[in-house]
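Overview (structure and organization)
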Amino acid sequence: MEVVVKESYEEMSKLSAELIAEVIRRKPRAVLGLATGSTPLGTYKELIRLHKQEGLDFSRVITFNLDEYVGLVHGHPQSYHYFMSENLFKHINVNPKNVHVPDGTAKDIPGFCRWYEEQIVKTGGLDLQLLGIGSNGHIAFNEPGSSLGSRTRIKTLDDKTRQDNARFFKNMNEVPKYAITMGIGTIMDARQLILLANGAGKADAILKTCEGPITAIVPATIVQLHPKATIIIDKQAATKLTREYPAEPRVLVLA
Ligand code: GLP
């Protein structure tokens, strides 16, 4: 695991987009695991710029999103389907057939989750998984206490997560109570991980993730076990770290 501390959100986003772009340049049919939330927005903006100005080609790229709220239709402005379409997919040349976002409206949720896992395996597995982190240390919607070996499944959201995400909804009652999420085991099977965090609100979770013991109570700590994980954070998210970390990764491409 490598921790890289950047001066700003913009620099964090640029580096993360560059690492993703490098994976696509090396393997045009790359299988990317994508994340939602405010954190990866800058990365997506930069990927869109790389596509439009430097011809980064997504035509063969395959994507799998981490998670989706249960019960929100795909066109709901707070659904992750809508988020991904608005903030990335409609601006690049990805083939809609290659895009996968968990279906929060599935009638048979366990069946859907099994199918989702099978699709990831069928495409050859995730080459790179992009992650944000919740203020309670969750990754995707794997809340504190989630099995570190879990697979894609339905999860009840923590009160803290619902409060954090309430800003996007009219009121707390509208915030969904459940989500479909890739499991921690699913995420750990990706060949490379990038975990992003910015802002002081993530400093505690980042301290535990980078320097704390591995525990299901802070699901993000599992990335310490991944052989090719890069944690890219801004200065504010780094304020509680006790060790010095570089501003550049050792190698741009984790071959
Ligand atoms: C949600 C998502 C996570 C994301 C987290 C943090 O809970 N399921 O994947 O990492 O929010 O969101 P933000 O980036 O807005 O802080």
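Keep in mind the model is a prediction, meaning the values are calculated, not measured.

**Considering the sheet that holds strand β8 (residues 178-181)**
- With antiparallel pairing, the 3 strands of this open sheet are ordered in space as β4-β8-β7. This sheet does not close on itself; its edge strands, each paired only once, are β4 (67-69) and β7 (153-156). Neighbour to neighbour, the strand axes of the sheet diverge by 30° on average, direction disregarded.
- Taken together, the 3 bridges between β4 and β8 define a ladder with antiparallel strand orientation. Bridge pairing in β8 places D67 opposite T181.

**Points about the packing of helix α2 (residues 41-54) against helix α3 (residues 80-87)**
- It is the contact of α2 with α3, at a shortest axis distance of 10 Å, that shows an interaxial angle of 40°. Classified by the angle their axes make, α2 and α3 are oblique. In this structure, α2 contributes L41, Y44 and I48 to the contact, and α3 contributes F83, M84 and N87.
- The class makeup of the residues in the contact of α2 with α3 is 5 nonpolar, 1 polar and no charged.

**Some details on the site of the ligand**
- Among the 13 residues in the neighbourhood of the ligand, the closest are listed as S38, T39, D67, H138 and K202.
- Take H138: an N or O atom from its side chain is 2.8 Å from an oxygen atom of the ligand.
- Interatomic distance of 3.2 Å between a side-chain N/O atom of R167 and an oxygen atom of the ligand.
- Considering the ligand on its own, with 390 Å² of exposed area, one finds that the protein chains cover 94% of that surface.
- Tallied by class, residues from the shell around the ligand come to 4 nonpolar, 6 polar and 3 charged.

**Brief notes about the pairing of strand β1 (residues 2-6)**
- For β1, a buried count of 5 out of 5 residues is recorded, marking the element as mostly surrounded by other parts of the structure.
- The alternating pattern of β1 places E2, V4 and K6 and V3 and V5 on opposite faces, both of which are buried.
- As defined by bridge partners, β1 adjoins strand β10 (residues 229-234) across 5 bridges and the pair is classed as parallel. If you follow V3 over to β10, its bridge partner there is I231.

**Description of the pattern of salt bridges**
- Under the counting rule described, the total for this entry stands at 14 salt bridges.
- One salt bridge in this structure joins R151 and D189, with 2.9 Å as the shortest N-O distance. In this pair, R151 is assigned in the loop between β6 (128-131) and β7 and D189 in the loop between α6 (184-188) and β9 (193-197), connecting sequence segments 38 residues apart.
- Sharing partners across several salt bridges, the network here consists of E18, E22 and R25.

**Things to note about the packing of aromatic side chains**
- Inspection of every chain in the model, using the stated rule, returns 7 aromatic pairs.
- A centroid spacing of 5.6 Å and a plane angle of 85° characterise the contact between F64 and Y116, whose relative ring orientation is edge-to-face. You can see F64 sitting in strand β3 (residues 62-65) and its partner Y116 sitting in helix α4 (residues 109-122), a full 52 residues away along the chain. No difference in accessibility class separates F64 from Y116, as the two residues are buried.
- When the ring of Y69 is compared with that of F141, the centres are 5.5 Å apart and the planes differ by 45°; the resulting orientation is tilted. A residue pair is termed long-range when its members are at least 10 positions apart, and Y69 in strand β4 and F141 in the loop between β6 and β7 qualify at 72 residues.

Definitions and limits used
- Residues numbered from 1 in each chain as written.
- Predicted model: local features only at pLDDT ≥ 70, side-chain atom pairs only at ≥ 80, totals over all residues.
- Heavy atoms only, no water.
- Pairing = 2+ DSSP bridges.
- Helix = DSSP H or I, 4+ residues; strand = E, 2+ residues; numbered from the N terminus.
- Axes fitted to C-alpha atoms, helices over the stretch in contact; angles between N-to-C directions.
- Parallel < 35°, antiparallel > 145°, perpendicular 65-115°, else oblique.
- Contact = heavy atoms within 4.5 Å.
- Nonpolar A, V, L, I, M, F, W, Y, C, P; charged D, E, K, R; others polar.
- Near = heavy atom within 4 Å.
- Polar contact = N/O pair within 3.5 Å; in protein donor to acceptor, adjacent residues only side chain to side chain.
- Areas by Shrake-Rupley, 256 points an atom, 1.4 Å probe, with all protein chains shown as cover.
- Buried < 20%, exposed > 50% of the residue type's maximum accessible area, 1.4 Å probe, protein only.
- Salt bridge = Lys/Arg side-chain N within 4 Å of Asp/Glu carboxyl O.
- Phe/Tyr/Trp six-rings, centres within 6.5 Å; stacked < 30°, edge-to-face > 60°.

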